[in-house]
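Each chain, letter by letter, is given below.
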Amino acid sequence: MNRLIPHNSTLMNRIQFTGDALFIPFFLLSVGMLLDLSVFAGGARAWLVAICMLATVLVAKWLAAETTRPCSATASIRPAWCSG
């Protein structure tokens, strides 16, 4: 942001809130509206790409959750590699 606005000020808080609450959702909606749904009716290749992308995201999120799960255990049984 601008150097003239202090990072911990009320104005900066309101600017960030406005960006998070208004601009980001409108941007995501406008990008989503650019989706051409007729591509999915055109053939199986588009479905295959979409399913592969979805599977990749789900597997990556599952791996991240499984990797960090031991860190949420109690301190007495927490592995040494967990920080905190």
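Conventions and cut-offs
Counting restarts for each chain, with residues numbered from 1 along the sequence as it is written. Only residues with pLDDT of 70 or above have their local features reported here, since the model is predicted, and side-chain atom pairs are shown and tallied only from 80 upward, although totals for entire chains, interfaces and linings are computed over all residues. In computing side-chain properties, one takes all heavy atoms of the structure into account and sets aside hydrogens as well as water. Going along the chain from the N terminus, every DSSP run of H or I of four or more residues is numbered as a helix, and every run of E of two or more is numbered as a strand. Summary of the burial criterion: residues with accessible area below 20% of their type's maximum are buried, those above 50% are exposed, and those between are partly exposed, where the area comes from a 1.4 Å probe applied to protein chains only. What sets the accessible areas is the Shrake-Rupley method with a 1.4 Å probe; for residues, cover comes only from the shown protein chains. Patch membership is restricted to residues that have no salt bridge and whose relative accessible area is over 30%. Joining uses 9 Å for like charges and 5 Å for the nonpolar side chains Val, Leu, Ile, Met, Phe, Trp and Tyr. The salt bridge criterion pairs a side-chain nitrogen of Lys or Arg with a carboxyl oxygen of Asp or Glu, the two atoms within 4 Å. Identification of polar contacts relies on pairs of N or O atoms within 3.5 Å, with a donor-acceptor requirement for protein atoms, meaning one able to donate a hydrogen and the other able to accept it, and with residues adjacent in sequence counted only if both atoms are side-chain atoms. Any Phe, Tyr or Trp ring, taking Trp's six-membered ring, that has another such ring centre within 6.5 Å forms a pair; planes under 30 degrees apart are called stacked, those over 60 apart edge-to-face, and the others tilted. The pLDDT value tells you how sure the predictor is about a given residue, anywhere from 0 up to 100. Multiplying 1.5 Å by the helix residue count minus one yields the expected span of that helix. Note that bend, as reported per residue, equals the angle between axes fitted to the 7 residues terminating at that residue and the 7 residues originating from it.

### Some thoughts on the overall build of the protein chain
Part 1 of the reasoning: Helix and strand content of the protein chain: three helices and zero strands.
Part 2 of the reasoning: Element order for the protein chain, N to C, with α for helix and β for strand: α-α-α.
Part 3 of the reasoning: Out of the 84 residues in the protein chain, the part that is buried amounts to 7%.
Part 4 of the reasoning: Of the accessible surface of the protein chain, which amounts to about 7600 Å², a share of 71% is contributed by carbon and sulfur atoms.

### So, a nonpolar patch on the surface
Part 1 of the reasoning: Residues Leu22, Phe23, Phe26, Leu29 and Met33 make up a contiguous nonpolar surface patch of about 610 Å² in total accessible area.
Part 2 of the reasoning: With respect to the element layout, Phe26 can be found in helix H1 (residues 10–33).

### Here's the deal with the side chain of Ser9
Part 1 of the reasoning: Within the element layout of this structure, Ser9 appears in the segment before H1.
Part 2 of the reasoning: A polar side-chain atom of Ser9 sits 2.9 Å from the main-chain carbonyl oxygen of Pro6.

### Some details on the packing of aromatic side chains
Part 1 of the reasoning: If you walk through the whole model with that rule in mind, you get one aromatic pair.
Part 2 of the reasoning: Each ring, one from Phe40 and one from Trp47, has its centre 5.1 Å from the other, and the planes form 50°; the classification is tilted.
Part 3 of the reasoning: Taking relative accessible area as the criterion, Phe40 reaches 26% and is therefore assigned partly exposed.
Part 4 of the reasoning: Taking the relative accessible area as the measure of exposure, Trp47 reaches 47% and is therefore partly exposed.

### Here we look at the confidence of the model for the protein chain
Part 1 of the reasoning: In this model, the protein chain carries an average pLDDT of 82, and 81% of its residues clear a pLDDT of 70 or more.
Part 2 of the reasoning: In the model of the protein chain, helix H2 (residues 38–42) stands out as the element of lowest mean pLDDT, 83, in contrast to helix H3 (residues 44–68), which has the highest, 91.

### Brief notes about H1
Part 1 of the reasoning: The terminal C-alpha atoms of H1, which comprises 24 residues, lie 34 Å apart, in line with the 34 Å expected from a rise of 1.5 Å per residue.
Part 2 of the reasoning: Maximum bend of H1: about 35°, positioned at Gly19.

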